[in-house]
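Close look at the chain arrangement
Below, each chain spelled out in residue letters.
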Amino acid sequence: MLLFACIHKNTYTYTKDIAPILLENCTPCHQPDGAAPFSLINFNQVNRKKNTILEVTQSGLMPPWPADRNYTHFIGEKYLSEKNKRIIKEWIKIGAPEGNPSDLPKNTYLPIKSFIGEPDTTLWFDSIYIEGNSQDHFYIATLPIELPEKKYVRAMEFLPGKNNLVHHMNGRLLNYENDQKVSVSEGERLLDLEINEQEYINQFNQLKLANDDGSRPQQINSAVNYLPGSTGQIYPEGIGGFTINSKSILLADDIHFGPIPKGKWSHNKVHVFFSDSAPKRPINEVMMGTNGVSKIIPPLVIPPHQITSHTSFLEIPEDISVLTVNPHMHLLGKSFKSFAIDPSGDTIRLISIPKWDFRWQYFYTFPTMVKIPKGSVIYLEASFDNTIDNPNNPHNPPQEISERFEFGGAGMRTTDEMLQFIITWLPYQKGDENIRLDL
Ligand code: HEC
């Protein structure tokens, strides 16, 4: 009897043991309108994929979280505990039994919905047709916004609608003064980034983002960002927020769609949450590296068949509180690390990505803000792999790849290379270290 109880305990089943693990760790993306190309919400779907599931869970490829959790922690970390990895492995080893249907959790997935709440307004991007050629697709998309008057925004949230194919989206808001631009809706709404340079410049101009006199409008960077499975970005009361003018354009720059075998339309919306009061502590952004305030050493030129290392550093002139960090490289990226050295010589760790994966570029948010004191220096260390051993190398044989400076301040083709580090921060206030950002 004792023996039986013992065996029974170790007989893992889909309904009792696996479904709850997948519910928490996988189905936020692997569901009908999720970002992953297939669902894992019932036994048949999971059973059919069990061999690749074994592979990707044991290797750590899924759930996707390229940042090293032994270096620093962030909100919404995705990982399987060693115990859950072992349960999946054992379950597959004993033949992946389905188990008793009455053991199933109440839900095998939770449909994607707002993480913030009921929005004041929902705005839709024009639908985009994504070609089914099993390739990644990169676009710039614009969403003109007209409001009766200037408003304060507490947060914006990007959500893919039906057919969620979006792999990442970075959105900035261009604010126009009334007399600076007659119409925000005259430009093209979509630009394919996989085109040649001359065509790109022409098409970029057709987006008509400039003021009517050709000058640049006011720009709010990172007004809204999205990555599959990431929760909406809203900070505690008093932190964040911005003003939206009565005429503005939300510029998704860029928006990345994962590969699909069959063409589909992608429908994407933005929830807007207004606020009655002006932002108290609006968020600042600083960008190091390509197009940023600190130069790359040595310059980002990556000869064919070589692995190169580069650094960049920036001295911080005042005490700051860091909210998020976002390393950005393209297809040749190999590894990335950033830390600060404070004036006393101590190291403040920011982020380490030992194995760069261009598909998973989160805006990593710290659980509590990280203070970097005045006089500290922030360093980046990045490496790039331009050999044939890099399966993402866009050229075979490899070609010299370099950084290209953005035309008109936006957009970059994926086959060019970049090294960027975007830091969002506030001027430090006493007690910032204790404010939790994951509320
Ligand atoms: C944040 C979203 C997300 C989460 C969470 C996630 N996946 Fe995925 N998964 C994807 C996407 C997107 C792909 C398609 C490949 C890609 O774009 O990288 C994928 C691909 C896969 C593949 C196919 C890999 C291949 O090489 O063909 C498997 C198997 C898989 N996921 C299993 C899982 C399992 C098991 C979990 C939970 C332990 C999980 N995924 C969690 C988004 C996610």
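Preceding this paragraph is the structure being described.
The sections below set out a description of the structure shown in this document.

Each value, and the rule that gives it
Residues numbered from 1 in each chain as written. Predicted model: local features only at pLDDT ≥ 70, side-chain atom pairs only at ≥ 80, totals over all residues. Heavy atoms only, no water. Helix = DSSP H or I, 4+ residues; strand = E, 2+ residues; numbered from the N terminus. Rg over C-alpha atoms; globule rule 2.2 N^0.38 Å. Buried < 20%, exposed > 50% of the residue type's maximum accessible area, 1.4 Å probe, protein only. Pairing = 2+ DSSP bridges. Core = buried A, V, L, I, M, F, W, Y, C linked by side-chain atoms within 4.5 Å. Contact = heavy atoms within 4.5 Å. Donors = N, O, S within 2.8 Å, 3.2 Å for Na, K, Ca; no water. Tetrahedral: all angles 85-135°; square planar, octahedral: opposite > 155°, others 65-115°. Polar contact = N/O pair within 3.5 Å; in protein donor to acceptor, adjacent residues only side chain to side chain. Arc of directions from axis to C-beta. Axes fitted to C-alpha atoms, helices over the stretch in contact; angles between N-to-C directions. Parallel < 35°, antiparallel > 145°, perpendicular 65-115°, else oblique. Left-handed = near helix turned anticlockwise from the far one by under 90°. Nonpolar A, V, L, I, M, F, W, Y, C, P; charged D, E, K, R; others polar. Phe/Tyr/Trp six-rings, centres within 6.5 Å; stacked < 30°, edge-to-face > 60°. Salt bridge = Lys/Arg side-chain N within 4 Å of Asp/Glu carboxyl O.

1. Some remarks on the overall build of the protein
Broken down by element type, the protein carries six helices and 21 strands. In terms of overall size, the protein behaves like a compact globule, its C-alpha atoms giving a radius of gyration of 23 Å where 439 residues would be expected to give roughly 22 Å. Viewed in the frame of its principal axes, the protein has a C-alpha envelope of about 85 × 55 × 50 Å. When each of the 439 residues of the protein is scored for burial, the buried share is 49%.

2. A short note on the pairing of strand 4 (residues 151-160)
Of all ten residues in strand 4, seven are buried; the element is thus mostly enclosed. Alignment of strand 4 against strand 8 (residues 242-244), held across three bridges, turns out to be antiparallel. Its bridge partner lying in strand 8, Val153 is registered against Phe242. As paired elements, strand 4 and strand 11 (residues 268-275) share eight bridges and run antiparallel to each other. From the neighbouring strand, Ala155 faces strand 11, where its bridge partner is Phe273.

3. Remarks on the nonpolar core
Of all hydrophobic cores here, the largest spans 54 residues; its most connected members are Phe336, Ile372 and Phe421. Aside from chain neighbours lying at most four places away, what touches Phe336 is Pro327, Met329, Ile351, Ser352, Ile353, Trp356, Leu380, Glu381, Ala382, Leu419, Gln420 and Phe421. One finds Tyr139, Ala141, Phe158 and Ile220 within the second-largest nonpolar core, a separate group that totals 29 residues.

4. Topic: the coordination of the iron atom of the ligand
His30 (NE2) and Met62 (SD) make up the full set of protein donors to the iron atom of the ligand, lying at 2.0 to 2.3 Å. Its six donor atoms give the iron atom of the ligand angles of 84 to 179° at the centre, a pattern that matches the octahedral case. Pair noted here: His30 is in the loop between helix 2 (14-25) and helix 3 (43-48) and Met62 is in the loop between helix 4 (50-59) and helix 5 (82-93), with a separation of 32 residues, a long-range link. We classify Met62 as partly exposed; its relative accessible area is 27%.

5. Considering the side chain of Thr72
By the element assignment, Thr72 lies in the loop between helix 4 and helix 5. Side-chain polar atoms of Thr72 contact the backbone oxygen of Leu350, separated by 2.8 Å. Those residues in contact with Thr72 that lie beyond four places of it in its chain are Glu77, Arg349, Leu350 and Ile351.

6. A closer look at the side chain of Arg172
For Arg172, the location among the structural elements is in strand 5 (residues 166-176). Classification of Arg172 by relative accessible area gives buried; the value is 15%. Within polar-contact distance, the side chain of Arg172 engages the side chain of Asp253 at 2.8 Å.

7. Observations concerning helix 4
Restricting attention to buried positions, one finds in helix 4 the residues Ile53, Val56 and Thr57. Looking straight down helix 4, one finds its buried side chains confined to an arc of 95°; they lie on one side. The exposed residues of helix 4 that point more than 90 degrees off its buried face are Asn51, Glu55 and Ser59. Looking at the buried residues of helix 4, the elements they touch are helix 3 and helix 5.

8. Focus: the packing of helix 2 against helix 5
The contact between helix 2 and helix 5 brings their axes to 11 Å, and the two run at 135°. Between helix 2 and helix 5, the crossing angle belongs to the class labelled oblique. Seen from above, helix 2 lies across helix 5 with left-handed handedness. Here helix 2 contributes Tyr14, Asp17, Ile18, Ile21 and Asn25 to the contact with helix 5, which in turn contributes Asn84, Ile87, Ile88 and Trp91. Considered class by class, the residues forming the contact of helix 2 with helix 5 number six nonpolar, two polar and one charged.

9. A short note on the sheet that holds strand 16 (residues 333-341)
Judged by pairing direction, the sheet is antiparallel, and its four strands sit side by side in the order 14-19-16-17 without closing on themselves. At either end of the open sheet lies a strand with only one pairing partner, and these are strand 14 (307-315) and strand 17 (347-353). The mean inter-strand angle of the sheet, taken between neighbouring strand axes irrespective of direction, is 10°.

10. Notes on the packing of aromatic side chains
For the structure on display, the rule yields 15 aromatic pairs. Ring geometry for Trp65 versus Tyr364: centroids 5.1 Å apart, planes at 80°, classification edge-to-face. A residue pair is termed long-range when its members are at least 10 positions apart, and Trp65 in the loop between helix 4 and helix 5 and Tyr364 in strand 18 (residues 364-372) qualify at 299 residues. Judged by its relative accessible area of 1%, Tyr364 falls in the buried class. Taking 5.2 Å as the distance between ring centres and 40° as the angle between the ring planes, the aromatic pair formed by Phe336 and Phe421 counts as tilted.

11. A look at the environment of Pro160
As for its position among the elements, Pro160 is in strand 4. As a C-alpha pair, Pro160 and Phe339 span 179 residues in sequence and 34 Å in three-dimensional space.

12. Things to note about the pattern of salt bridges
Under the criterion given, the structure shown has eleven salt bridges. Across the pair Lys93 and Glu90 runs a salt bridge whose closest N-O atoms are separated by 3.8 Å. Here the residue Lys93 and the residue Glu90 both occupy positions in helix 5, the gap between them amounting to three residues, near one helical turn. In this structure Lys93 comes out as exposed when scored by relative accessible area, which is 65%. Taking the relative accessible area as the measure of exposure, Glu90 reaches 28% and is therefore partly exposed.

13. Section: the sheet that holds strand 1 (residues 121-124)
Taken in spatial order, the four strands make up an open sheet running 1-11-4-8, and their pairing is antiparallel. Single-partner strands in this sheet number two, and they are strand 1 and strand 8. Each strand of the sheet is rotated relative to its neighbour by a mean of 45°, with strand direction disregarded.

Honestly, it's all geometry; don't read function into it.
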